[in-house]
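Fold and geometry: a report
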Amino acid sequence: QVQLVESGGGLVQAGGSLRLSCAASGRTFSSYGMGWFRQAPGKGREFIAAINWIRGTYYADFVKGRFTISRDNAKNTVYLQMNSLKPEDTAVYYCATGDSSGPITEGLARYWGQGTQVTVSS
């Protein structure tokens with residue numbers, strides 16, 4: 001059974017940084033792609049970034065240059081480093097995986113974590 005557990009969210013001032021972590025268990029982590037998504041209050045879930053099994057990375061346009069996705073296969077963990085945070089980045093952040101070794105975008109996500117809240121104050 002695949003399980004994903006996010007951590008690292010919190011309250012930060014605009015311009016600050018946070019690093020989110022997502023610990024995976026239940027199967028061979030290194031063989032599968034991963035993705036990060038978020039959902040702001042009153043809005044739909046949106047794709048942020050994804051990483052494939054050989055560490056190729058993909059980003060939504062609105063986070064390019066500010067957010068970085070990475071993975072540590074030895075720790076079964078994927079990270080989202082978020083810099084230059086803005087109030088509009090306030091959302092619940094989710095990691096996800098699926099049954100593909102490629103980047104996990106919305107259509108490929110099958111397993112989801114419980115989410116971690118990120119709040120950016122102005």
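Computed from a predicted structure; not experimentally measured.

Within the element layout of this structure, V78 appears in strand β8 (residues 77-82). Its relative accessible area of 0% is what places V78 among the buried residues. Taking C-alpha positions, V78 is 9.3 Å from E6, a pair spaced 72 residues apart along the chain. Among all residues touching V78, those that are not within four sequence positions of it are L20, S21, C22, F29, M34, W36, I51, I69, S70 and R71.

Here we take up the side chain of T77. As for its position among the elements, T77 is in strand β8. Here the side chain of T77 touches K75 through a polar contact of 2.8 Å, landing on its backbone oxygen. Look past the residues within four positions of T77 in its chain and what remains in contact with it is S21, C22, A23, F29, S70, R71 and D72.

A few words on the nonpolar core. In a soluble, globular protein the nonpolar side chains are often hidden away together inside. If you look at the biggest cluster of nonpolar residues, it comprises 26 residues, and the most contacted ones within it are W36, I48, F67, V78, L80, M82 and Y93. Counting only elements with at least two residues in this core, the list comes to β3 (18-25), β4 (34-39), β5 (45-51), β7 (67-72), β8, β9 (91-97) and β11 (116-121). Take this core: its biggest share by element is 4 residues, from β3. What M82 contacts, discounting residues up to four positions off in sequence, is G16, S17, L18, L20, R66, F67, Y93 and V118.

The rules behind each value
- Residues numbered from 1 in each chain as written.
- Predicted model: local features only at pLDDT ≥ 70, side-chain atom pairs only at ≥ 80, totals over all residues.
- Heavy atoms only, no water.
- Helix = DSSP H or I, 4+ residues; strand = E, 2+ residues; numbered from the N terminus.
- Buried < 20%, exposed > 50% of the residue type's maximum accessible area, 1.4 Å probe, protein only.
- Contact = heavy atoms within 4.5 Å.
- Polar contact = N/O pair within 3.5 Å; in protein donor to acceptor, adjacent residues only side chain to side chain.
- Core = buried A, V, L, I, M, F, W, Y, C linked by side-chain atoms within 4.5 Å.

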